[in-house]
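Here are the chains, one letter per residue:
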Amino acid sequence: MENVINGLLRREKEHQDGIEACKTQSVALASRLAPGGQFETLLDPMTMQQFRESLKEIARDNVEKERQLQAYMDAVKSFGDGSNISEKDDIPAMLHKAVRNERAKIDKKAALPEEEETYKELCIQLGEKQTDEDDDFEMVNVDEISSLKCPITRTFMEDPVRNKKCGHVYSEAAIMINLRHTKECPVAGCSNRSVSVSQLEHDELTAIKVRRAKKREKLEQQTQSQNAVDLEDDDEDEL
Ligand SMILES: [Zn+2]
């Protein structure tokens, strides 16, 4: 039974990775479909709009699929090593019930698909959502920026990799160097003391966010230096 359960979990994990890849690809595609994006010269506005809508539909659909898959995996895991199940049990019915339970738990704590992180990122990339519209923009911004800095180098992540075990993200080169000295996760307070290369996977979503944050930072600097020049001009006028 344990082998069957592990086999199921492995297969579903592959599906999950597939959805994850699809999500990050959608986000990457979105910036090209945004007004002023790469595709604007190739496609008419109507088609651009249609593509944008279908991309959003796919993204919402992916959130739903991912949650269903998570519920299924949690349900399978809830059977433990399978020692509580006997041949006589109606396993499909038990699984069905367990999936329903897990799904209810996920729905209770999960945000609406529209509020899911990748979906929001997709809308930003599509040029539809202005992050600075929010009143709490500054706060969100500071939090987001710090989550985009590598815990080792303290600068923006480069080739970010996510640790599958503890969820922490680092710059690839930095964690590789770090691993030569210690197996401890470099994030303060993290209990993962057995970091290995096999735990690391590329984190494309973080990479996209870093690119956007850098672009925004550059824009802000340009605006600031432009303002400074304007102020100097004003001073000269007064003289
Ligand atoms: Zn960690």
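Heads up: these notes are all about the structure in this document. (Residues numbered from 1 in each chain as written. Predicted model: local features only at pLDDT ≥ 70, side-chain atom pairs only at ≥ 80, totals over all residues. Heavy atoms only, no water.)

## Examining the overall build of the protein
(1) Moving on: Of the regular secondary structure elements, the protein holds seven helices and three strands.
(2) Moving on: Ordered by position from the N terminus, the helices and strands of the protein form the series α-α-α-α-α-β-β-α-β-α.
(3) Moving on: Taking 18 Å as the expected radius of gyration for a compact globule of 239 residues, we find that the protein reaches 23 Å, considerably beyond that expectation.
(4) Moving on: When its C-alpha atoms are laid out on the principal axes, the protein stretches across 95 × 55 × 35 Å.
(5) Moving on: Residue burial in the protein is summarised as follows: out of 239 residues, 34% are buried.
(6) Moving on: When contacts within the protein are restricted to residue pairs at least 6 apart in sequence, those whose partners lie at least 24 apart make up 62%.
(7) Moving on: Per element, the accessible surface of the protein, about 15,600 Å² overall, is 51% carbon and sulfur. (Helix = DSSP H or I, 4+ residues; strand = E, 2+ residues; numbered from the N terminus. Rg over C-alpha atoms; globule rule 2.2 N^0.38 Å. Buried < 20%, exposed > 50% of the residue type's maximum accessible area, 1.4 Å probe, protein only. Contact = heavy atoms within 4.5 Å. Areas by Shrake-Rupley, 256 points an atom, 1.4 Å probe, with all protein chains shown as cover.)

## Some points on empty space enclosed by the protein
(1) Moving on: Per the counting criterion, the structure on display carries one cavity of 30 Å³ or more.
(2) Moving on: In this structure, the largest cavity spans a volume of roughly 50 Å³.
(3) Moving on: Mapped onto the lining of the largest cavity, the elements with two or more residues apiece are α1 (2-33), α2 (45-78) and α4 (117-125).
(4) Moving on: Partitioned by chemical class, the residues of the lining of the largest cavity number five nonpolar, three polar and two charged. (1 Å grid on protein atoms, 1.4 Å probe; cavity = no way out; pocket = protein on both sides within 12 Å on 5 of 7 lines; lining within 4 Å. Points joined across faces, edges and corners; volume = space filled by probe spheres on them. Nonpolar A, V, L, I, M, F, W, Y, C, P; charged D, E, K, R; others polar.)

## Points about the coordination of the zinc ion
Octahedral metals with six donors have ideal donor angles of 90 or 180 degrees. Tetrahedral metals with four donors have an ideal donor angle of 109.5 degrees.
(1) Moving on: The protein atoms donating to the zinc ion are C166 (SG), H168 (ND1), C185 (SG) and C190 (SG), with metal-donor distances spanning 2.0 to 2.3 Å.
(2) Moving on: Its four donor atoms give the zinc ion angles of 103 to 120° at the centre, a pattern that matches the tetrahedral case.
(3) Moving on: As a motif over one chain, the donors of the zinc ion read C-x1-H-x16-C-x4-C.
(4) Moving on: A relative accessible area of 25% places H168 in the partly exposed class. (Donors = N, O, S within 2.8 Å, 3.2 Å for Na, K, Ca; no water. Tetrahedral: all angles 85-135°; square planar, octahedral: opposite > 155°, others 65-115°.)

## Focus: the pairing of strand β1 (residues 160-163)
Looking along a regular strand, one sees the side chains alternate between the two faces of the sheet.
(1) Moving on: Here three bridges tie β1 to strand β2 (residues 169-171), and the two strands are oriented antiparallel to one another. Looking across to β2, one finds that P160 is bridged to S171.
(2) Moving on: What sits between β1 and β2 in their antiparallel hairpin is a turn of five residues, with G167 showing a positive phi close to 85°.
(3) Moving on: Relative to strand β3 (residues 200-202), β1 runs antiparallel, the two sharing three bridges. Pairing of R162 across the sheet is with E201, part of β3. (Pairing = 2+ DSSP bridges.)

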